[in-house]
Structures are given as C-alpha cells and as structure tokens.
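Structural overview for review
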Amino acid sequence: MFPAILESRICSLEALHLRRRLQPASGIDFTSNDYLGFVCDPVLSDRFHQSCGGLPLSAGGSRLLRGQLDIFNETEETLARFSGREVALLFPSGYQANLGLLSALLRAEDTVFSDELNHASIVDGIKLSRAKKVVYPHHNLTALREALIAQGNTGGIRLIVTESVFSMDGDIAPLRSLADLAEEYDAILIVDEAHATGLFDAGIVKHQGLSERVFATVHTGGKVLGASGAWVAGSTQLRDYLIQFSRPFIYSTAPFPAQALLLKLAVEHWRDVGRKRSKTLFEKVRFFRNELGPSVEVPSTESPILPILIGNTERALKVTDHLQKSGFDIRAIRPPTVPPGGDRLRVILHWQNSEAEILALAQSLKFVLEKERF
C-alpha cells in the first residue's frame, strides 16, 4: 500500500495545479535572487579561482570534531565586520541558520511572537523549539502590542521575530517600531535579513542604525552575494551559546571550505561595487513600474521583489507559461508558499537586466494579463 499512498498524495496536488516540478533555467532571468549579478561576475570568479588552491575539498567533519579550519574564522571575522556586529557564526544555508538559532534559543517556557508571513525556516525553527508561538497579522503593530500584553511576562524569553524584506511580498518590516515594542515589553528582537543583505548595506538593521537594539540578525550568501551559506550575527555570548546548544550546528559537517572562501571574497567584492549596483538596480525598479503603468497592479514595495497578484492558481500558471514561451524566466508562486488565493507572479529585477529586457517584459505582462483576465 505504501507506494499507492504516496501516489495518492501527489495526485491530490496535481488536481489542484499545485504539483511542483524541477525546471531548468532558461530565458531572461526575472526570477532568481541574484540581485546584483554576482553569480556570473568575472572579477569575483577570477578572485575565487586564484585563491582556492590549497584548500581541502571538505572539512572532514563537524567544526567541533576536526572540521574547524582557519578559513572559517577568517570568513566569520569578515562577516561580523560587514554586519556591524561583534561576531558571526557560519551555517551551510539560511534555512539551517534560522533552524539552528531559534530551536537553540527558545524552550518550552519561552514565548515567541512571529509575523504571519515569516519564512518557512522561521516557522520550522519555532516548531522545533516547542516554545509558545503567537502569530501576529502581517506588520500589525497594534495586534502585536495586544499579544505582548495578553501573554504577560512569565519569566521566560520573550522573542519577536520577523523578516526585514519579505520574500514573497517584497515589503519591509517596520523595524524601528518593532524595536520600540521589544524594549517596552521586555522582549528581544531577531531579524532575518536574507533578502536585504547587500541591497540595503549589510541589511536594514544596520542601514537604519538599529544594530544595538536588535539581539541577532540572520544573513544569507545565496542571494545578493552570489555565493551560498549563511550566518547569524550578534554578540560573543550568543555565538558561544549556539556552539553549545544549536543541534544543526553541532551535528552537521562543516560547510565546504571553498564555500566559506567564496562568501568572504563576495563580501569584499561587494565593498567595491555593491552600493553602486544597488543604486542602479533601484533605478531599474522605478523604470519598470513606470512602464507597467496603472494597467498592472503591483503592491507598493521598497525592494526589487515585485509581486503581481493573480489569485487563481490555474490562471497564474497560464500567465507564466505565456511569459516563458516569450523568453522570460518567471515562475508562478502557489500555495502553500503563499496563502490560498495569494497566487502570484514573483518578478525580481536584477542589476544586470537591461532596460530593453525590462521594457519587453512590461509589454508582455500587460498583454498577457489583459488576455487572461476573467
């Protein structure tokens, strides 16, 4: 019966147009997280290949058993300076960083207040912690305040966690107000900077001068920096705590040494070109919005993530299919990644997209959305 049960579960997704398939990259990229063009940057590539000689292929074990290498210390020092924090601790991925941070920090006697649109890695880290979870409506500070009051202070940790730039909506959390609430109600604040790192300095926390008011930030290398891996940035005490209690850190083979090296080089390269490229990218975002005009509704965001809400899964797939056949790599985002009825195109602009490509996409979008409207 076992294969039949699995097939039944897969078929249930097929009927709802929700079955996922692996699709190779093709067409003009308007879907990846390579915001500033680092993935194929020739300067960064040359520096990496010139520097990686002599590194072992693997760390050979966890960092607590023999996998601790000098390159990890060097990279973490670079990441800490970049993030504007005391120290950083490297993880193989952003998912693992959130999982490792939240599941280690929180326990059953603690309470966590989480934005309803937080990333799956945050949701799963909270689940593993067994802490009491309070989900507040997206960006709703009044509801969060009421929840903080209602929960009271039972002596455990009270933690507010949010993304800074939300990955599906592209909007920015009210971090200054969240820091105010955290201080008023004796809570700590953790911010996932995955989609802000490198677009807004090292992240919006640093960009807005909030580093002293935020307990920890989580950053990824697989987006703006064109590398991979992730890190938690915070205090020396937090780093030591995670080394003692973070099971994903303790029981995982250390990241590839080359991964750590590339991340270090990417941050150094960002210092040379990042701010200029980011400025150019935001100019292209404004150009795209102007070309779309009033006929295509795009929520007001302050990032290069531009969600075009469709609201119907089948229609979202039809629009996506048309755009892909027209030469644009754009993917439909469907439940459960977004709430039911939240089906959308998630258009991401990049520094390397030309104005001609952006103009062509705007024209194709206007045409297909009008054609498929019902």
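As shown above, the structure is provided for reference.
The sections below set out a description of the structure shown in this document. (Residues numbered from 1 in each chain as written. Predicted model: local features only at pLDDT ≥ 70, side-chain atom pairs only at ≥ 80, totals over all residues. Heavy atoms only, no water.)

1. Regarding the overall build of the chain
Within the chain, the regular secondary structure consists of 13 helices and 12 strands. In terms of its C-alpha atoms, the chain occupies a principal-axis envelope of roughly 55 × 55 × 55 Å. Burial analysis of the chain (374 residues in total) assigns 51% to the buried set. Taking the intrachain contacts of the chain between residues at least 6 apart in sequence as the baseline, contacts between residues at least 24 apart amount to 73%. Accessible surface, the chain as shown: approximately 17,500 Å² in total, 54% of it carbon and sulfur. One way to put it: in the chain the 41 positive side-chain charges average out to a point 3 Å from where the 43 negative ones average out. (Helix = DSSP H or I, 4+ residues; strand = E, 2+ residues; numbered from the N terminus. Buried < 20%, exposed > 50% of the residue type's maximum accessible area, 1.4 Å probe, protein only. Contact = heavy atoms within 4.5 Å. Areas by Shrake-Rupley, 256 points an atom, 1.4 Å probe, with all protein chains shown as cover. Lys, Arg positive; Asp, Glu negative; His and termini not counted. Charge placed at Lys NZ, Arg CZ, Asp CG, Glu CD.)

2. Some thoughts on the nonpolar core
For soluble globular proteins, nonpolar side chains are generally found buried alongside one another. Counting 83 residues, the largest nonpolar core has Ile160, Phe288, Ile308, Leu323, Val347, Leu361 and Leu365 as its most contacted members. If you tally residues by element for this core, the top one is helix α11 (residues 257-292), at 13 residues. Once you skip the residues sitting within four places of it in the chain, Leu361 turns out to touch Phe30, Phe288, Leu323, Phe328, Ile330 and Val347. Listed in part, the 24 residues of the second largest apolar core include Phe91, Leu102, Ala104 and Leu159. (Core = buried A, V, L, I, M, F, W, Y, C linked by side-chain atoms within 4.5 Å.)

3. Things to note about the side chain of Asp115
Among the structural elements, Asp115 can be located in strand β3 (residues 111-115). Of the side chains bearing the opposite charge, Arg344 lies closest to the buried Asp115, which forms no salt bridge; the N-O distance is 11 Å. Side-chain polar atoms of Asp115 contact the side chain of His138, separated by 2.8 Å. Those residues within four positions of Asp115 in sequence are excluded, and the remaining contacts are Val135, Tyr136, Pro137, His138, His139, Val161, Thr162 and Phe166. (Salt bridge = Lys/Arg side-chain N within 4 Å of Asp/Glu carboxyl O. Polar contact = N/O pair within 3.5 Å; in protein donor to acceptor, adjacent residues only side chain to side chain.)

4. Remarks on the pairing of strand β2 (residues 87-91)
Sheet faces and side chains relate simply in a regular strand, where the side chains alternate between the two faces. Counting buried positions along β2 yields 5 of 5 residues, so the element is predominantly enclosed. In β2, alternate side chains face the same way, and those of Val87, Leu89 and Phe91 on one face and Ala88 and Leu90 on the other are all buried. Pairing geometry for β2 and strand β8 (residues 230-234), over 5 bridges, is antiparallel. When the bridges of β8 are listed, Phe91 appears paired with Ala230. (Pairing = 2+ DSSP bridges.)

5. Remarks on the packing of α11 against helix α13 (residues 355-371)
Look at α11 against α13: their axes get within 9 Å of each other, and the N-to-C directions meet at 30°. Crossing geometry of α11 relative to α13 is assigned as right-handed. Touching Lys284, Phe287, Phe288, Glu291 and Leu292 of α11 are Glu355, Ile358, Leu359, Leu361, Ala362, Leu365 and Lys366, all from α13. Per-class residue counts for the contact of α11 with α13 are 8 nonpolar, no polar and 4 charged. (Axes fitted to C-alpha atoms, helices over the stretch in contact; angles between N-to-C directions. Left-handed = near helix turned anticlockwise from the far one by under 90°. Nonpolar A, V, L, I, M, F, W, Y, C, P; charged D, E, K, R; others polar.)

6. Focus: the pattern of salt bridges
Considering all chains together, one arrives at 15 salt bridges under this definition. Between Asp272 and Arg47 there is a salt bridge, with the nearest N and O atoms lying 3.4 Å from each other. One end of the pair, Asp272, is in helix α11; the other, Arg47, is in helix α2 (residues 42-51), and 225 residues separate them in sequence. Accessibility expressed as a relative area gives 52% for Asp272, which makes it exposed. Judged by its relative accessible area of 32%, Arg47 falls in the partly exposed class. For Lys264, the salt bridge identified is with Glu268, shortest N-O distance 3.0 Å. With Lys264 and Glu268 both in helix α11 and 4 residues apart, this pair spans about one turn of that helix.

7. Things to note about the sheet that holds strand β7 (residues 216-220)
The 7 strands lie next to each other as β2-β8-β7-β6-β5-β3-β4, forming an open sheet whose pairing is mixed. For this open sheet the edge positions go to β2 and β4 (132-136), each flanked by a neighbour on one side alone. Along the sheet, successive strands turn relative to each other by an average axial angle of 20°, direction set aside. Where β3 lies against β4, 5 bridges are found, and the strand directions are parallel. Paired with Ser114 across the strands is Val135, a residue of β4.

Function-wise, these values are silent; they only describe arrangement.
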